[in-house]
Amino acid sequence: MHISSSAAVYVISVAADLAGMHPQTLRQYDRLGLVSPERTAGRGRRYSGKDIAKLRLIQQLSQDEGVNLVGIKKIIDLQNQVDALKSRNEELEDEVRARRSVQERDARVFAAGTVGGDVVSISRGRRPQGRPEPGALVLYNRYRRG
C-alpha cells in the first residue's frame, strides 16, 4: 500500500519525531503559518509527508543557515509563489503548443504550379515540384513571420 506524500496521516507527536522537533515547536510553526496541517473534526492536527519535509527545511534554514522565522516565512511564501508561476507557465506553454498545432494544421500554402502557372496548394515547408514556366506569377510576402 502506497501513501501519498500529501495525505495528512501523522498526528503531531509522530510528525514531531519524524521532523526531529518538539510537538510544541510544531504548534508554534502552525500559529505562525509556516506549516498548515489539516485538522480533524475534533480540531486535532494531521501532518502529511510534505508537511514533514517542510518542517525539516525550516529546521535546516533555522539551525544551519541562521535564518530567523520571519525570513523563513518569506522564503516559503516566495517558493510557493515560484511554484505557482511555474505551474501557470506550463499551462500557458501547453496552450501555445495546442494553438500552434491547430494553426499549422489549418494553414495552407499556395504556389505557382509547374504547368500553366496554376495556383496549387502544397504542404508547409515543401517546394513545388519542377520549375514554374517563364512569366508565371509568384507571390512573395516579405512581412511573413516564419
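Nothing here was measured: the structure is a model prediction, and the numbers come from that model.

Rules of the game
- Residues numbered from 1 in each chain as written.
- Predicted model: local features only at pLDDT ≥ 70, side-chain atom pairs only at ≥ 80, totals over all residues.
- Heavy atoms only, no water.
- Helix = DSSP H or I, 4+ residues; strand = E, 2+ residues; numbered from the N terminus.
- Buried < 20%, exposed > 50% of the residue type's maximum accessible area, 1.4 Å probe, protein only.
- Contact = heavy atoms within 4.5 Å.
- Areas by Shrake-Rupley, 256 points an atom, 1.4 Å probe, with all protein chains shown as cover.
- Arc of directions from axis to C-beta.
- Patch = residues over 30% accessible without salt bridge, like charges linked within 9 Å, V, L, I, M, F, W, Y side chains within 5 Å.
- Salt bridge = Lys/Arg side-chain N within 4 Å of Asp/Glu carboxyl O.
- UniProt positions renumbered as here; feature names shortened; annotations may be inferred.
- Axes fitted to C-alpha atoms, helices over the stretch in contact; angles between N-to-C directions.
- Parallel < 35°, antiparallel > 145°, perpendicular 65-115°, else oblique.
- Left-handed = near helix turned anticlockwise from the far one by under 90°.
- Nonpolar A, V, L, I, M, F, W, Y, C, P; charged D, E, K, R; others polar.

Student: Tell me about the overall build of the chain, and please be specific about residues and values.
Tutor: Helices and strands together make up the secondary structure of the chain, namely four helices and four strands. In sequence order, the secondary structure elements of the chain are arranged as α-α-β-β-α-α-β-β. Burial analysis of the chain (146 residues in total) assigns 18% to the buried set. Counted over contacts in the chain with a minimum sequence separation of 6, partners at least 24 positions apart contribute 42%. Working note: accessible area of the chain is about 11500 Å², and carbon and sulfur atoms make up 50% of it.

Student: I'd like a description of helix H2 (residues 23-32), backed by residues and values.
Tutor: In an α-helix, one turn spans 3.6 residues; hence positions three or four apart end up facing the same way. Taken as a whole, H2 has its buried residues at Leu26, Tyr29 and Asp30. Projected onto a plane normal to the axis of H2, the buried residues spread over an arc of 100° and lie on a single side. Where the residues of H2 are buried, they touch helix H1 (12-19), strand S1 (38-39), strand S2 (45-46), helix H3 (49-64) and helix H4 (69-106).

Student: Describe unusual backbone geometry, and please don't skip the residues or the numbers.
Tutor: Despite not being glycine, Arg43 shows a phi value in the positive range, around 75°. Here Arg43 is to be found in the loop between S1 and S2. Residue Arg43 is classed as exposed on the basis of its relative accessible area of 56%.

Student: Before we move on, could you go through the side chain of Ser48 and cite the residues and values that matter?
Tutor: Mapped onto the secondary structure, Ser48 falls in the loop between S2 and H3. With near-sequence residues (within four places) excluded, Ser48 lies in contact with Ser5, Ser6, Ala7, Ala8 and Tyr10.

Student: So what's going on with a nonpolar patch on the surface? Which residues, and what values?
Tutor: A surface patch of nonpolar side chains, amounting to about 190 Å² of accessible area, comprises Val11, Val14 and Leu18. Positionally, Leu18 belongs in helix H1.

Student: So, the environment of Leu55: which residues are in play, and what are the values?
Tutor: Here Leu55 shows up in helix H3. With 26 residues separating them along the chain, Leu55 and Tyr29 place their C-alpha atoms 8.7 Å apart. With residues near it in sequence (within four places) discarded, Leu55 still touches Ala19, Met21, Leu26, Tyr29, Val35 and Tyr47.

Student: Please give an account of the environment of Ile72 that cites residues and values.
Tutor: Mapped onto the elements, Ile72 comes out in helix H4. Here the alpha-carbon distance between Ile72 and Leu61, two residues 11 residues apart in the chain, equals 7.0 Å. If near-sequence neighbours (up to four positions away) are discounted, Ile72 is found in contact with Leu34, Ile58, Leu61, Ser62 and Val67.

Student: Explain the UniProt feature "coiled-coil region" (unreviewed entry) in the chain residue by residue, including any values.
Tutor: In the numbering used here, UniProt assigns the feature "coiled-coil region" (unreviewed entry) to residues 75-102. Counted over residues 75-102, helix gives 100% and strand 0%. Its end C-alpha atoms are 41 Å apart.

Student: I'd like to hear about the packing of H1 against H3, residue by residue, with values.
Tutor: Where H1 contacts H3, the axes come no closer than 9 Å and their chain directions differ by 45°. Taken together, the axes of H1 and H3 are oblique relative to one another. Seen along the crossing, H1 lies across H3 with a hand that is right-handed. The segment H1 lies against H3, with Ala15, Leu18 and Ala19 engaging Ile52, Leu55, Arg56 and Gln59. A per-class count over the contact of H1 with H3 returns five nonpolar, one polar and one charged.

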